[in-house]
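# Observations on the three-dimensional arrangement
As a plain string of letters, each chain reads:
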Amino acid sequence: MGETVKYTLDESRLPEAWYNVAADLPEPPAPVLHPGTGKPVGPDDLAPLFPMEVILQEVSTEQRIPIPDEVRDVYRQWRPTPLYRARRLEADLGTPARIFYKYEGVSPTGSHKPNTAVAQAFYNAREGVKRIATETGAGQWGSSLAFAGSLFGLEIDVYMVRVSYDQKPYRRALMEAFGARCVPSPSEETASGRAILAEHPDSTGSLGIAISEAVEQAAQRDDTKYALGSVLNHVLLHQTVIGEEAIAQMDLAEAYPDVLIGCTGGGSNFSGLVFPFVGQKLRGGSDVRVIAVEPAACPSLTRGEFAYDFGDTGHLTPLVKMHTLGSTFVPPGFHAGGLRYHGMAPLVSHLHELGLIEARAYHQISVFEAGVRFARAEGILPAPEANHAVKAVIDEALRCKEEGSAETILFNLCGHGHFDMQAYIDYFAGKLEDRAYDEGDLALALAGLPPVAV
């Protein structure tokens, strides 16, 4: 027998509860504010957009929230997901570091997103909702909610960021295969979309714009709710099945991470892996370095301000305190569409402010180079978003090589790149560019942050 490469858990080990990091924080995060009154929002303020069970999860400080049996039954199709030891990558790098990765690409849509899509679809269906409007960047979230909607008999409308709509036709086709409607954003269907197109007819779109369109649709129809694929507390909560499983699998490997790494756009896959480990640390467990990796062309953690801001470009959402580049900021059209969001999850931002996590940013050519190196060693081609985490893993492993340090590195390989082949075609053809954001546009967006009395 060779050395173990894959660590798996039986279905009986599927987590029975999600972990809520809010229960263990040394300081609570700032409250969500109503944009009109400046006062903390209550359940009634959010009721037009979300089912009540989701709203209660959003504000909960309970440490464990039970996963409904109906959701666990769907999870069993692909969960628990495997944990791999990247032995061939270790050998390729010549590093003494031990590299592990939790692989979420085995889900029906190829990423971590169904972990929350199934939960949100279930809660909406149970409350009698007939239709959900949402946004998507690269299409991972849109296709996952389309999948979940098909299971629970929900009509799904997806506003897909225009640049990704054009770059990733197969993601669009996957949504339609599951019965969803996919619309390029900004669109003529909403007032917020028409306003953007009037000023910028050739707009490449952004997640902030697509969110505005979806929220507008949900607010105007009694039969429609809104669902978000990242950023909000309940979304991050649902993703913690990843880290809960990883803790058990690292026990099987008789190892514990010294370094945790995940890519960050809104923060969901990152939080799903790291929050359970951070919780153990906060409760007196082992220390661990946590690295959030973002695109240099949309660097909310490393370049944004920690301030109250709208979650969308049309200013239809409540105000949340987060690391933000400004709600009107539109990043360049780089290929990691799932990371093109102007803000970072409030809980992730809060952990960064508390010094519990660190952040770094990379340009896209270097992350594609890292992804190809990983694929040639491990046989899995990562999604462009996940390549950011891979790049940081390689850098950390090479640091260990220089220092002669046998540290244990764990990262979340949050999705495969099978629907992102045009990005790789462009990379191999030398067509990718390291796109830089416009400093003037960023300054203007930050200058427009809403005034909030502290």
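Below, the structure is looked at part by part. Source: prediction; values computed, not measured.

Taken together, four strands build an open sheet; the order of strands is S8-S7-S6-S9 and the sheet is parallel. Every other strand in the sheet has two partners, leaving strand S8 (181–185) and strand S9 (224–226) as the edge strands with one partner each. Direction aside, neighbouring strands of the sheet carry axes that sit 25° apart on average. Two strands pair when backbone bridges link them, and strand S6 (residues 131–136) and S9 are joined in this way by three bridges, in the parallel orientation. When the bridges of S9 are listed, Ile132 appears paired with Lys225. Running over the sheet, helix H6 (residues 140–152) touches S6 and strand S7 (155–161) and is turned about 160° from S6.

Here we take up the pairing of strand S11 (residues 289–295). Most of S11 sits out of view: six of its seven residues are buried. As paired elements, strand S10 (residues 259–263) and S11 share five bridges and run parallel to each other. Among the inter-strand pairings, Ile261 is bridged to a residue of S11, identified as Ile291. Remark: the S10/helix H13 (residues 268–282)/S11 crossover connection has right-handed handedness. The pairing of S11 with strand S14 (residues 358–362) spans five bridges and is classified as parallel. The residue of S14 that forms the bridge with Pro295 is Tyr362.

Let us now look at the packing of helix H12 (residues 241–252) against H13. One can describe the packing of H12 onto H13 by two numbers: an axis separation of 6 Å at closest approach and a directional angle of 60°. The angle between the axes of H12 and H13 places the two elements in the oblique class. Considering the relative orientation of H12 and H13, their crossing is right-handed. Of H13, the residues touching H12 (which contributes Ile242, Gly243, Glu244, Ala246 and Ile247) are Gly272, Leu273, Pro276, Phe277 and Gln280.

This next bit is on the pattern of salt bridges. Counted according to the given criterion, the structure contains 26 salt bridges. Taking the shortest distance from any N to any O, the salt bridge between Glu155 and Arg131 comes out at 3.6 Å. Remark: Arg131 occurs in strand S6 and Glu155 occurs in strand S7; sequence separation between them is 24 residues. A relative accessible area of 43% means that Glu155 is categorised as partly exposed. In this structure, Glu189 and Arg181 form a salt bridge, with 2.7 Å as the shortest nitrogen-oxygen distance.

This part covers the nonpolar core. Ranked by size, the top nonpolar core spans 88 residues in total, and within it Trp18, Tyr75, Tyr226, Phe275, Val348 and Leu410 carry the most contacts. Residues Leu89, Cys263, Ala370 and Ala386 belong to the second largest nonpolar core, which totals 40 residues.

We now examine unusual backbone geometry. Residue Pro80 is bonded to the preceding Arg79 through a cis peptide linkage, with omega at -5°. Tracing the chain through its elements places Pro80 in the loop between helix H3 (69–75) and strand S4 (83–85). For the bond running from Ser185 to Pro186, omega is 10°, close enough to zero to count as cis. Residue position: Pro186 is located in the loop between S8 and helix H9 (191–199).

Moving on: the state of the cysteines. If you walk through the whole model with that rule in mind, you get zero disulfides. Note on Cys298: no disulfide assigned, nearest cysteine sulfur contributed by Cys263 at a separation of 13 Å.

The next point concerns the sheet that holds S4. Ordered in space as S1-S4-S5-S15-S10-S11-S14, the seven strands form an open sheet in which the pairing is mixed. If you trace the sheet from one side to the other, it starts and ends with strand S1 (6–7) and S14, each paired once. Sheet topology note: the S4/strand S5 (residues 98–103) ladder contains three bridges and is antiparallel. Each bridged residue has a counterpart across the sheet, and for Leu83 the counterpart in S5 is Lys102. Packing against the sheet, H12 makes contact with S1, S4, S5 and strand S15 (408–413), and its axis sits at approximately 140° to S5.

Right, let's get into the packing of H6 against helix H8 (residues 169–177). Running from amino to carboxyl end, H6 crosses H8 at an angle of 15°, the nearest separation of the two axes being 8 Å. Classified by the interaxial angle, the pair formed by H6 and H8 is roughly parallel. Of the two possible hands of crossing, H6 and H8 adopt the one that is left-handed. The residues of H8 that touch H6, namely those facing Gln140, Gly142, Ser143 and Ala146, are Arg171, Leu174 and Met175. Here the residues of the contact of H6 with H8 are counted per class, giving three nonpolar, three polar and one charged.

Right, let's talk about the environment of Ile365 for a bit. Within the secondary structure layout, Ile365 lies in helix H16 (residues 364–378). Spatially, the C-alpha atom of Ile365 lies 9.3 Å from that of Gly430, the residues being 65 residues apart in sequence. Leaving out residues up to four positions away in the same chain, Ile365 has contacts with Tyr427, Leu432, Glu433 and Asp434.

Reading guide: rules and limits
Residues numbered from 1 in each chain as written. Predicted model: local features only at pLDDT ≥ 70, side-chain atom pairs only at ≥ 80, totals over all residues. Heavy atoms only, no water. Pairing = 2+ DSSP bridges. Helix = DSSP H or I, 4+ residues; strand = E, 2+ residues; numbered from the N terminus. Axes fitted to C-alpha atoms, helices over the stretch in contact; angles between N-to-C directions. Contact = heavy atoms within 4.5 Å. Buried < 20%, exposed > 50% of the residue type's maximum accessible area, 1.4 Å probe, protein only. Right-handed = clockwise from strand over helix to strand, strands pointing away. Parallel < 35°, antiparallel > 145°, perpendicular 65-115°, else oblique. Left-handed = near helix turned anticlockwise from the far one by under 90°. Salt bridge = Lys/Arg side-chain N within 4 Å of Asp/Glu carboxyl O. Core = buried A, V, L, I, M, F, W, Y, C linked by side-chain atoms within 4.5 Å. Disulfide = S-S within 2.5 Å. Nonpolar A, V, L, I, M, F, W, Y, C, P; charged D, E, K, R; others polar.

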